[in-house]
Every structure is written in structure tokens, then in C-alpha cells.
Amino acid sequence: MDYTAKLDEAIQRLHDEGRYRTFIDIERKRGQFPHATWTRPDGTEQPVTVWCGNDYLGMGQNPVVLAAMKEAVDATGAGSGGTRNISGTTVYHKRLEAELADLHGKEGALVFSSAYIANDATLSTLPTLFPGLIIYSDELNHASMIEGIRRNGGSKRIFRHNDLDHLRELLAADDPEAPKLIAFESVYSMDGDFGPIKELCDLAEEFNALTYLDEVHAVGMYGPRGGGVAERDGLMGRIDIINGTLGKAFGVFGGYIAASAKMCDAVRSYAPGFIFTTSIPPAVAAGAAASIAFLKGEGGVTLREQHQTQAKILKTRLKGLGLPITDNGSHIVPLIVGDPKHTKLMSDMMLEHYGIYVQPVNFPTVPRGTERLRFTPSPVHGPNEMDHLIKALDALWSHCALNRAEMAG
Ligand SMILES: *Cc1c(COP(=O)(O)O)cnc(C)c1O
């Protein structure tokens, strides 16, 4: 067996399909977000502006968050020193979980190593708690949900994206007595569109199903206290399990679920992905708790308003140039280039010639023919950064001879 040849084959397959990923090596500058330094493969450096980050509100450089992290490091050291079960549950973890439970109006919360792990561990454990469980999953759900559902040994049904009629058909076709769960997202990150949360909850109620909502791209950013779209729409009480990340708008690291005390107790007790792994460092927990608390208050309200304003400005200006963006009313701004070659070329030229970093998004992350650049404007992107981006896109769109939309009259 030639193992090396097998590795070469596997990697070559990705090259052949145009799916081989190259990472851009950057170092963000605290106090100067979204500015960063890019280190090229040859070791030379260039200043860049990051336009595709998920630190949506710039909380990764917020002084309140940094102070909490430094204080915790000084007080308690680097790591947690154990799993949650064996010496790794600290006052910082308990505080963070209380902060999260309060954020979502739930009795409890469980912190995981990431939202990926939270989705995977929870969804793969639920059939153990509810034997015979059928999970109804939106076709555009995140890879972490798909993975958890795929290997949980239970039954699954995939409904067409946001298609309530299709979901109803699937629910109606199954045994009314079978335990059921509907899994979906509030903001889908590639198109920036919203899930019909209320209608999904109505269906869940009608068919006596549980609801599972991934609010990863909404927590911190929507709702009066940053509780997400379900908070904004007054629907948190109708969601059984809310999943969120501490790594995106909260600017730190980690993931969680918020749910009833009993649900948390059961998942805590049965999910290997919760128990058999070192708990997050106390300083990370402290930083995340400080970030959540900050965003619940006035400071959060201001940042959320600025965030939405920045997204509106960018969308308006791109539309003004006739560039084909998808506007689904959220903070995510996808610019559809439409083929992988030009998407990569645009991204490379933006970086090389304009110092603008936006990662190309290709198949299989998005359907073929909808390859795109996905911009994430934020309160730290000022007028200068915005002007520079608009000029670069205008010039490159012409350079690549890409189509513009009909100008609205
Ligand atoms: C990023 C993402 C996750 C995973 O969050 P992490 O905390 O980064 O692991 C889960 N769900 C969705 C929809 C995401 O975009």
C-alpha cells in the first residue's frame, strides 16, 4: 500500500474539481480592525483590510472583553485543567452559562468547545433521549447540523430550503406518535436570508415536534439584547433548543445551546462531545461572558444599529454600480460573480492590487453558477474603507467584463 500516493490522489481530486482551498495568512491589529497584515507565501508582508470576517461587531478588540480575559488569566492561569466532569468546571464556566441562559430567556445553557461541536454533539445525542426521533432538517442547514443528524442513528427528513409546504407534507406522512424535531437556522450565512421562524414554530406545535434553532449568525446582532432573530421577533419561548457561537459576533471562541433545565441536564449527561473533552479556558469564558453582557446593554444597541447601517450603505452603493448582490435584508452581503474562475480571480486581484481581503466562496459551499464574494460590513468599516472597496469592485468588475444588472430607472 502506497499511502503517500493515496494522499496525492486525494489532494489532486480537489485540484481537478477546482475545490482545493488555500488559506490566507493574516494577523489582525488590535485597535485597528478591520486592518490586518497579510503574510504572502514568500514571507513578504502587506497591509490588508478584512471584508469577510465573522467578528461582526468588532468585539474581538473591545476593551471590556480584553480586560476580562487578562484579569482571568492573571487570576487563574491558562487552561481549565480538565473536562467539565473532572475538575474543569469553574466559576467562569458557570457564570458564562448563566449569562447565556439569561440572554435567551431559558432555564439553562451548556457551553461546548465551539458551535460546531454544540450542534454535532446535541443533534447526535437527541435520539438517545427520544428513541425513534425523526429530525426534519432544512436542506441548507450548516455542516455541523448535517453531521450531527447524519451519524445519530435516528431517522431524518430533509425539507427544501424554507419550504413550509414541503415540511408539512413530510410531517404529515410520518407516524403522529413518533417524537419529532425540526432543525433550522435564523440567518443562513451564504445568502443572508432569514428562516420563517414563526411559521416553523406553528408547524412544530401542530405536529407536536420540538424546535432546534441555530442562531450562530444572529446572536449579538439581532434583538434588543442581542438574543438573536428569535428575540427580535418575540419567539424565543417557542424554541426548545437555541444554538449559538461565542466566536462570531461575540468576538471570542466557543459555542453553546440554551434550553430548559431538564434538556440541558439530559444533553450534559449523554453527549460525549460535551463530557469527554477539556472545557474551554477560563479566560475565554470570562471574555465571552463580558462580551455578552456588554452587547445586552446600551453599547450593544449602538453597535447593532451601526452594523445594520453599514450593511445598508454597502448594499445601496453596490446596487448603485449595478453589481448583482443578493439583498435578503440581513447584514450579510453576497455579490454573485457566477463562475469559480472569475470569483477566484477577483478575490486574488482585490488582495494583490487593493489590499482588500474577501474570500471566494465556491461549490460545494454554494451551488454552481452562484459562486460569490461574501462581504461582512461592520461598525469598524469606516467611510474610507467603504470608498476603497467600492472603487476596487467597480474597476475589477469592468476589468473582468462581468455583467451588471439593469440600472433601475
Ligand atoms: C460558523 C457556524 C457554526 C459553527 O460555529 P463555531 O463556533 O465557529 O464552531 C455553526 N452554525 C453555523 C450556521 C455557522 O455558520
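Attention in this report is confined to the structure presented alongside it.

Calculation criteria
- Residues numbered from 1 in each chain as written.
- Predicted model: local features only at pLDDT ≥ 70, side-chain atom pairs only at ≥ 80, totals over all residues.
- Heavy atoms only, no water.
- Pairing = 2+ DSSP bridges.
- Helix = DSSP H or I, 4+ residues; strand = E, 2+ residues; numbered from the N terminus.
- Near = heavy atom within 4 Å.
- Areas by Shrake-Rupley, 256 points an atom, 1.4 Å probe, with all protein chains shown as cover.
- Nonpolar A, V, L, I, M, F, W, Y, C, P; charged D, E, K, R; others polar.
- Axes fitted to C-alpha atoms, helices over the stretch in contact; angles between N-to-C directions.
- Contact = heavy atoms within 4.5 Å.
- Salt bridge = Lys/Arg side-chain N within 4 Å of Asp/Glu carboxyl O.
- Buried < 20%, exposed > 50% of the residue type's maximum accessible area, 1.4 Å probe, protein only.
- Arc of directions from axis to C-beta.
- Core = buried A, V, L, I, M, F, W, Y, C linked by side-chain atoms within 4.5 Å.
- Phe/Tyr/Trp six-rings, centres within 6.5 Å; stacked < 30°, edge-to-face > 60°.
- Parallel < 35°, antiparallel > 145°, perpendicular 65-115°, else oblique.
- 1 Å grid on protein atoms, 1.4 Å probe; cavity = no way out; pocket = protein on both sides within 12 Å on 5 of 7 lines; lining within 4 Å.
- Points joined across faces, edges and corners; volume = space filled by probe spheres on them.

Time to look at the pairing of strand S2 (residues 35-39). Summarising the sheet, strand S1 (residues 26-28) and S2 pair through three bridges and their orientation is antiparallel. Its bridge partner lying in S2, isoleucine 26 is registered against tryptophan 38. Counted along the chain from S1 to the antiparallel partner S2, the turn is six residues long, and its residue glycine 31 has a positive phi close to 90°. Across five bridges, the pairing between S2 and strand S3 (residues 45-50) is antiparallel. Paired with threonine 39 across the bridge in S3 is glutamate 45. In this structure, the hairpin formed by S2 and S3 is closed by a connection of five residues, where glycine 43 is found at a positive phi of approximately 95°.

To continue, consider the site of the ligand. Lining the immediate environment of the ligand, one finds 13 residues, of which Ala115, Asp214, His217, Thr245 and Lys248 sit closest. If the ligand stood free it would expose 380 Å²; the protein chains cover 82% of that surface. Looking at the shell around the ligand, the element that brings in the most residues is helix H4 (residues 115-129), giving three residues. Grouping the amino acids of the shell around the ligand by side-chain chemistry returns three nonpolar, seven polar and three charged.

Quick look at the sheet that holds strand S7 (residues 180-185) now. Spatially, the seven strands line up as an open sheet ordered S4-S12-S11-S10-S7-S5-S6, and their pairing is mixed. Of all strands in the sheet, those with a lone pairing partner are strand S4 (108-112) and strand S6 (155-159), marking the two edges. Recorded for the sheet is a direction-independent mean angle of 20° between the axes of neighbouring strands. Packing of helix H3 (residues 91-104) onto the sheet brings it into contact with S4, strand S11 (241-245) and strand S12 (255-259), and relative to S4 it is tilted by some 125°. Contacts between helix H6 (residues 164-173) and the sheet are confined to strand S5 (134-138), S6 and S7, with S6 contributing the most and set at about 155° to the helix.

It is worth spelling out the pattern of salt bridges at this point. Oppositely charged side chains may form a pair once their charged atoms are brought near each other. For the structure on display, the rule yields 24 salt bridges. For glutamate 205, the salt bridge identified is with arginine 238, shortest N-O distance 3.0 Å. Here glutamate 205 is found in helix H7 (residues 197-206), whereas its partner arginine 238 is found in the loop between helix H8 (229-232) and S11, with 33 residues between them in sequence. Several salt bridges converge on common partners, so that one network encompasses Glu99, Asp102, Arg225 and Lys296.

So, on to helix H5 (residues 143-150). Within the span of H5, buried status applies to Ser144, Met145, Gly148 and Ile149. Down the axis, H5 shows its buried residues gathered within 130° of arc, on one side only. Buried positions along H5 lie against H4, S5, S6, S7 and strand S10 (210-214).

The three strands are arranged S13-S16-S15 in an open sheet whose pairing can be described as antiparallel. Each end of this open sheet is capped by a strand with a single partner; those strands are strand S13 (333-336) and strand S15 (360-361). Pairing of S15 with strand S16 (residues 372-375) involves two bridges; the strand directions are antiparallel. Within S16, the position partnered with proline 360 by the bridge is leucine 373. Contacting S15 and S16, helix H13 (residues 340-354) crosses the sheet at an angle of about 45° to S16.

Time to look at the nonpolar core. Residues Leu96 and Ile182 are the most contacted members of the largest nonpolar core, which totals 58 residues. Counting residues per element, this core draws most heavily on helix H11 (residues 282-296), which supplies eight residues. Not counting residues up to four positions away in its chain, the partners in contact with leucine 96 are Val111, Leu246, Ile280, Ala285, Ala288, Ala289 and Ile292. With 32 residues, the next largest nonpolar core counts Val48, Ile325, Met349 and Tyr357 among its residues.

Ring pairs (aromatic) are described by centroid distance and by the angle formed between their planes. Using the criterion set out here, one finds two aromatic pairs in the structure. Seen from their ring centres, phenylalanine 112 and phenylalanine 274 are 5.2 Å apart, and the 70° between their planes marks the pair as edge-to-face. Highlighted residues: phenylalanine 112 in strand S4 and phenylalanine 274 in helix H10 (residues 272-275), separated in sequence by 162 residues. Of the two residues, phenylalanine 112 and phenylalanine 274, both sit in the buried class.

Let us look at the packing of H11 against helix H12 (residues 298-320). For any two helices packed against each other, one specifies the inter-axial angle together with the distance between the axes. Their axes nearest at 4 Å, the elements H11 and H12 cross at an angle of 80°. Taken as axis vectors, H11 and H12 run roughly perpendicular relative to one another. Contacts between H11 and H12 involve Phe294, Leu295 and Lys296 from the former and Gly299, Gly300, Leu303 and Arg304 from the latter. Classifying every residue of the contact of H11 with H12 by side-chain character gives three nonpolar, two polar and two charged.

Volume-wise, the second largest pocket comes out at about 170 Å³. Together, Arg84, Asn85, Thr89, Lys94, Glu97, Gly108, Ala109, Leu110, Arg268, Phe274 and Ile275 line the second largest pocket. Where the lining of the second largest pocket is concerned, the elements lending two or more residues are H3, S4 and H10. Counted by class, the lining of the second largest pocket contains four nonpolar, three polar and four charged residues.

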